[in-house]
Structure formats: structure tokens, C-alpha cells
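Below are the chains, spelled out letter by letter.
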Amino acid sequence: MHVLNEWTNLACKELGIDPARVDRDKILDLTKEVAHNVARPAAPLTAYLVGLAQGSGTASEDAVERIVALANNWGQATEETLTDS
């Protein structure tokens, strides 16, 4: 995890973000669940979307948890959506 710590700190510095505000493990768990349950390319896209929501102030306190739940229920959600007319 040493590389991730360094990368997080350098990326945060470049982006003007306080590294203390970044819950790296939470984001890694988010991307793991999305990659596993939805599709691998959906993982970085989802992290970006959560970041946009957070930056614009539209993300709820439990945004990550809600997206993880959505990913975990992806099969059921798409099955219901695909069968709706």
C-alpha cells in the first residue's frame, strides 16, 4: 500500500485536495464492487461520477454506500429494467 499512499498524496497535491479528506479504502471497495458486479470499465467511471457529485455538492452522505448497494443489486435491477416495457 506504500505506492498507493504516495500516489494518493501526490495526486491530491496536484489537484489541490487535502489527502486527509480522501477515504482511499472506501473508494477502492467501491470500485471493487462495481468492477465485480457490473463491469470492470464501470469502476473508474463510477469513481469519477461519485467525485463529480461530491465536488458539485450533490452527493449524499451515504453516496458511496448507495452506489455499492446498486452495484450489488445490478443483476436484479437490470433484469427488472429489461423486462419492463
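This section reports on the structure supplied with the text. (Residues numbered from 1 in each chain as written. Predicted model: local features only at pLDDT ≥ 70, side-chain atom pairs only at ≥ 80, totals over all residues. Heavy atoms only, no water.)

**A word on the overall build of the protein**
- The number of helices and strands found in the protein is five helices and zero strands.
- Along the protein, from the amino end to the carboxyl end, the secondary structure elements read α-α-α-α-α.
- Principal-axis analysis of the C-alpha atoms gives the protein an extent of 50 × 30 × 20 Å.
- The buried share of the protein, reckoned over its 85 residues, is 18%.
- Residue pairs at least 24 apart in sequence account for 46% of intrachain contacts in the protein once pairs closer than 6 positions are excluded. (Helix = DSSP H or I, 4+ residues; strand = E, 2+ residues; numbered from the N terminus. Buried < 20%, exposed > 50% of the residue type's maximum accessible area, 1.4 Å probe, protein only. Contact = heavy atoms within 4.5 Å.)

**Considerations on a nonpolar patch on the surface**
- Together, Leu45, Tyr48, Leu49 and Leu52 make up an exposed nonpolar region whose accessible area comes to about 420 Å².
- One can find Leu45 in helix α3 (residues 42-56).
- The class for Leu45 is partly exposed, based on a relative accessible area of 48%. (Patch = residues over 30% accessible without salt bridge, like charges linked within 9 Å, V, L, I, M, F, W, Y side chains within 5 Å. Areas by Shrake-Rupley, 256 points an atom, 1.4 Å probe, with all protein chains shown as cover. Salt bridge = Lys/Arg side-chain N within 4 Å of Asp/Glu carboxyl O.)

**A look at the pattern of salt bridges**
- Scanning the entire structure with this criterion turns up three salt bridges.
- As a salt-bridge pair, Lys26 and Glu65 come within 3.1 Å of each other at their nearest N and O atoms. Of this pair, Lys26 sits in helix α2 (residues 24-37) while Glu65 sits in helix α4 (residues 63-72), placing them 39 residues apart in sequence.
- Lys32 is paired through a salt bridge with Glu33; the nearest N and O atoms lie 3.8 Å apart.
- Looking at Lys32, the relative accessible area reads 49%, which means it is partly exposed.

**Side note on the nonpolar core**
- Listed in full, the eight residues of the largest apolar core are Leu30, Val34, Ala42, Ala43, Val50, Val64, Val68 and Ala71.
- Elements that contribute at least two residues to this core include exactly α2, α3 and α4. (Core = buried A, V, L, I, M, F, W, Y, C linked by side-chain atoms within 4.5 Å.)

**Observations concerning the environment of Ser60**
- Note on placement: Ser60 falls in the loop between α3 and α4.
- Remark: the alpha-carbon pair of Ser60 and Val50, spanning 10 residues in sequence, is separated by 9.9 Å.
- For Ser60, the side chain forms a polar contact with the side chain of Asp62, separated by 2.7 Å. (Polar contact = N/O pair within 3.5 Å; in protein donor to acceptor, adjacent residues only side chain to side chain.)

**A few points about α4**
- The set of residues buried in α4 consists of Ala63, Val64, Val68 and Ala71. For α4, the angular spread of buried residues about the axis comes to 135 degrees, placing them on one side. (Arc of directions from axis to C-beta.)

**Side note on the side chain of Thr8**
- By the secondary structure assignment, Thr8 is in helix α1 (residues 2-15).
- Those residues within four positions of Thr8 in sequence are excluded, and the remaining contacts are Val22 and Arg24.

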